[in-house]
Amino acid sequence: MKDLKEEMFTRHANLLEMASGYELLGLHRNVQHRVDFMEWAPGALYCALVGDFNGWSPTENCAREGHFGRDDYGYWFIILEDKLKEGQKPDEFFFQQYNYVDDYDKGDSGVTIEELFKKMNDEYWEPGEDRYLKSRYEVPAKLYEQMFGPNGPQTEEELGELPDAETRYREWKEKHKDDPPSNLPPCDVIDNGKEYDIFNIVDDPVWREKFRAKEPPLAYWLEMRKGRKAWLQKYNPGIPHGSRYRVYFNTPSGPLERVPAWATYVLPEVDGKQSFAVHWEPPPENAYKWKRTRPKVPKSLRIYECHVGISGSEPKVSSFNEFTEKVLPHVKEAGYNAIQLIGVIEHKDYFTVGYRVTNLFAVSSRFGTPDDFKHLVDEAHGCLGMLVFLDIVHSYSAADEMVGLSLFDGSNDCYFHTGKRGHHKYWGTRMFKYGDLDVLHYLLSNLKWWVEEYQIDGFQFHSLSSMMYTHNGFASFTGDIEEYCNQYVDKDALIYLILANELLHQLHPNIITIAEDATLYPGLCEPSSDGGLGFDFYVNLSVSEMWLSFLEDIPDHEWSMNKIVNTLLGNRQYADKMLTYAENHNQSISGGRSFAEILFGEIKEPSSGSENLLLRGSSLYKMIKLITFTISGRAYLNFMGNEFGHPNRVEFPMPSNNFSFSLANRQWDLLMNKGVHHDLFSFDKDMMKLDENERILSRASPKVHHVNNTSMVISYIRGPFLFIFNFHPESSYERYNVGVDEAGEYQVILNTDDVKYGGQGHLKDEEYLQRTISKRIDGLRNCLEVMLPSRSAQILAMRSPVWRSIKFFSVENKIQAITYFWI
């Protein structure tokens, strides 16, 4: 790591400067009537920009190897001059700017530069003060005339010795003692007979204050900085907004065209048409302006994972604007405080869900424009107070050549490894060369780009095991440390992840980084100063796999309570860093079925013979979500639609289903009618509200004190709350003993069997309040005798006598009582 940084800082000032490549590379407007283009292609011999703006000519806007257009590191530089309109003269002072517009835009005022200069000088200078500015050669000319003119000395003997400066000054002062007053600044020399006094200047205090009170004529300067009104009268842009373009290379293997690697808006290959980059530079008055600031990072994360394209009810690709209008309010109502977007970064094939990324700096054009995405993020931040996370794929890249980075400059080792190491063994994707400084420059700049340009609050790094091991994570892991420290570990990839976390947390201390690693690499969430990778959270992928195997392969009465607890608790050393989910999009997208599809089958509403199936499915669905939510770390994730038990899996249009959109949407209309989906949503909403009000996830790790495989009961304590789960498919318990630490009364605050959640309501109102018994159970001093219906769960909160009496106190006594209680 130290060696890499030493090498890195020979080319870059610091890490932030290295990660700011997007400020130079790609297309950028220059104030001097031009657009600058820069691209990295070390294997190319010739580079040109072709597009609508130049008739796709490979010779009009170009650069050649060995000329100014390419440096020693393989970066090409091309200038696209703005075109002066016929009959117009170019600006001498570059006052007219394409990207400048405000309320003082004087583009159509008709005032010339000469008139503005005259007004400015007349207002600023007093008579006589600008004498030497207007005739700057007057004094040198007189001196030359005196010394070398026809009346001056003609030989060195006639010139004689030149007196020193002090003598010359005294002679000049004596000669001009009777001169009339002047408007020039009244400065004089302080002469007290001391050495070097001739350099000390004294001026008139009145003149000094008058000079300091002068203000520069900013109004005239602003008027000279004319904006788009004046610019449009004289120039046509070198590459207009919305123009399609590509980069053209001559390489040892022949000519080729590519979509620029740093392009910010791309139209991928659709309907057989060729892929293009689109120059996105809307006029300043039309460009999106951020209206709101980022919300504060909450103590616990309740993340709603979304895919914009399938977020609508109609069988089509939904847009950013539709998502902003319809889905974001639902997410807020559901009680989540963050959204995580997948498939937002440009990818060629829609059915890949966005994981085979082709253009890392571009928002997917199939959902809308860059400004549409900014509006989505702005609305999520401001109106709804939600964080916005991005699922970032830096672990591999699409193998497409025409739109992606593969064989970008004609060589096989530009962005990726050569040979077998450059290809994923099973997925057909390319593997980045993380040890190359220019590849690091590209990837780190990409992270900073999304944070700076789109105000993203965090990233989930997708499939880290693919990049951290040369076997791409396809190996058995038993937890032995040797499995993480052998020849199959890609040290360059590890160093990149450390740099990425250092950069993001240095740039924004409140940024959130999440590691998705199936191998649970040691130190994922340890600070880099301690040898870790520096992530804030890691994903416990085994939880959803366990629930899926239980639902599909194991009968209900054979479920292991020990396995449930051990899997959910994960690595207890990093329990507060764990993100869990009961199910996410991967299971249903990868050819499997969603949990609701497994539990409910084709049944949509209760009918004869289906009530038992609906009851079982609804009960297990709620219990699985509740125990996953409350026993794990400080972060929980839910995929869009799973909060109400979406009945169908996700299936993107592809050849195998005749490109059907029937399963590539969400059935939001199910929430409009009473039924199982409405009840499940009510339960999920109350579960989120419980964390918002009682801070369940942000409390210390749970203390699991009761796990019984025979009765299939699990109980644990987290803060002042007691959680009890009865997974038995048949047995209900009238008086089940569960240990508690504190004696007192306990109130049921959430019951999965409640009628409003679609349950049977076995627990009556009088049974919601329980008093402890002085009996040692589960190694604890007291116990509760609770009623546990089969396939149900309860959350109980202790009701202390101190707290009940506080509501009758005055404000002063209440403060004293609270202080005493906490002591």
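Residues numbered from 1 in each chain as written. Predicted model: local features only at pLDDT ≥ 70, side-chain atom pairs only at ≥ 80, totals over all residues. Heavy atoms only, no water.

As recorded in an unreviewed UniProt entry, the protein chain goes by the name 1,4-alpha-glucan branching enzyme, listed as coming from Macleaya cordata. In its Subcellular location (unreviewed entry) section, UniProt records this for the protein chain: "Plastid, Amyloplast". Per UniProt, the protein chain carries the Catalytic activity (unreviewed entry) text "Transfers a segment of a (1->4)-alpha-D-glucan chain to a primary hydroxy group in a similar glucan chain." (UniProt positions renumbered as here; feature names shortened; annotations may be inferred.)

Peer 1: I tried to follow the pattern of salt bridges on my own but got confused; where do I start?
Peer 2: Side chains carrying opposite charge are able to pair once their charged atoms draw close together. As enumerated under the stated definition, the model contains 30 salt bridges in all. When the shortest N-O distance is used, the salt bridge between Arg-29 and Glu-281 registers 3.4 Å. With Arg-29 in strand E1 (residues 26–30) and Glu-281 in the loop between strand E13 (276–278) and strand E14 (301–307), this residue pair connects regions lying 252 residues apart in the sequence. Like Arg-29, the residue Glu-281 is buried in the burial classification. The residue Arg-246 makes a salt bridge to Glu-257 at a minimum N-O spacing of 3.3 Å. Of this pair, Arg-246 sits in strand E10 (residues 244–251) while Glu-257 sits in strand E11 (residues 254–258); the two residues are 11 residues apart in sequence, bridging distant segments of the chain. A relative accessible area of 0% places Arg-246 in the buried class. (Salt bridge = Lys/Arg side-chain N within 4 Å of Asp/Glu carboxyl O. Helix = DSSP H or I, 4+ residues; strand = E, 2+ residues; numbered from the N terminus. Buried < 20%, exposed > 50% of the residue type's maximum accessible area, 1.4 Å probe, protein only.)

Peer 1: Explain the environment of His-462 here, please?
Peer 2: Examined against the element boundaries, His-462 turns out to sit in the loop between strand E19 (458–461) and helix H14 (464–468). Sequence separation between His-462 and Leu-390 is 72 residues, and the spatial gap between their C-alpha atoms is 9.9 Å. Setting aside residues no more than four positions away along its own chain, His-462 makes contact with Tyr-355, Asp-391, Ile-392, Val-393, Ser-395, Tyr-396 and Glu-516. There is a polar contact of 3.2 Å between the side chain of His-462 and the side chain of Tyr-396. (Contact = heavy atoms within 4.5 Å. Polar contact = N/O pair within 3.5 Å; in protein donor to acceptor, adjacent residues only side chain to side chain.)

Peer 1: Looking at this model, I keep getting lost on the sheet that holds strand E15 (residues 338–342). Mind explaining?
Peer 2: One key point about sheets: their strands pair by backbone hydrogen bonds, in either a parallel or an antiparallel sense. Pairing within the closed barrel is parallel, and its 8 strands lie in the order E14-E15-E18-E19-E20-E21-E22-E23. The mean inter-strand angle of the sheet, taken between neighbouring strand axes irrespective of direction, is 25°. (Pairing = 2+ DSSP bridges. Axes fitted to C-alpha atoms, helices over the stretch in contact; angles between N-to-C directions.)

Peer 1: Help me out: how do you make sense of the nonpolar core in this one?
Peer 2: Generally speaking, soluble globular proteins have nonpolar side chains that are buried together. Grouped together as the largest cluster of nonpolar side chains are 176 residues, with contacts concentrated most on Ile-339 and Trp-547. Not counting chain neighbours up to four residues away, the residues in contact with Trp-547 comprise Trp-559, Ile-564, Leu-568, Ala-582, Phe-595, Ile-624, Ile-627, Thr-628 and Phe-727. By size, the runner-up hydrophobic cluster in this structure holds 18 residues, among which are Val-713, Tyr-733, Val-748 and Tyr-768. (Core = buried A, V, L, I, M, F, W, Y, C linked by side-chain atoms within 4.5 Å.)

Peer 1: How should the packing of helix H17 (residues 561–569) against helix H20 (residues 611–631) be read in this particular structure?
Peer 2: Helix-helix packing: each pair is described by the crossing angle between the helix axes and the interaxial distance. Axis separation between H17 and H20 bottoms out at 9 Å; the angle between their running directions is 45°. Judged by the angle between their axes, H17 and H20 are oblique. Of the two elements, H17 crosses H20, and the hand of that crossing is right-handed. Residue-level inspection shows Ile-564, Leu-568 and Leu-569 of H17 in contact with H20, the latter providing Ile-627, Thr-628 and Ile-631. Residue classes in the contact of H17 with H20 are distributed as 5 nonpolar, 1 polar and no charged. (Parallel < 35°, antiparallel > 145°, perpendicular 65-115°, else oblique. Left-handed = near helix turned anticlockwise from the far one by under 90°. Nonpolar A, V, L, I, M, F, W, Y, C, P; charged D, E, K, R; others polar.)

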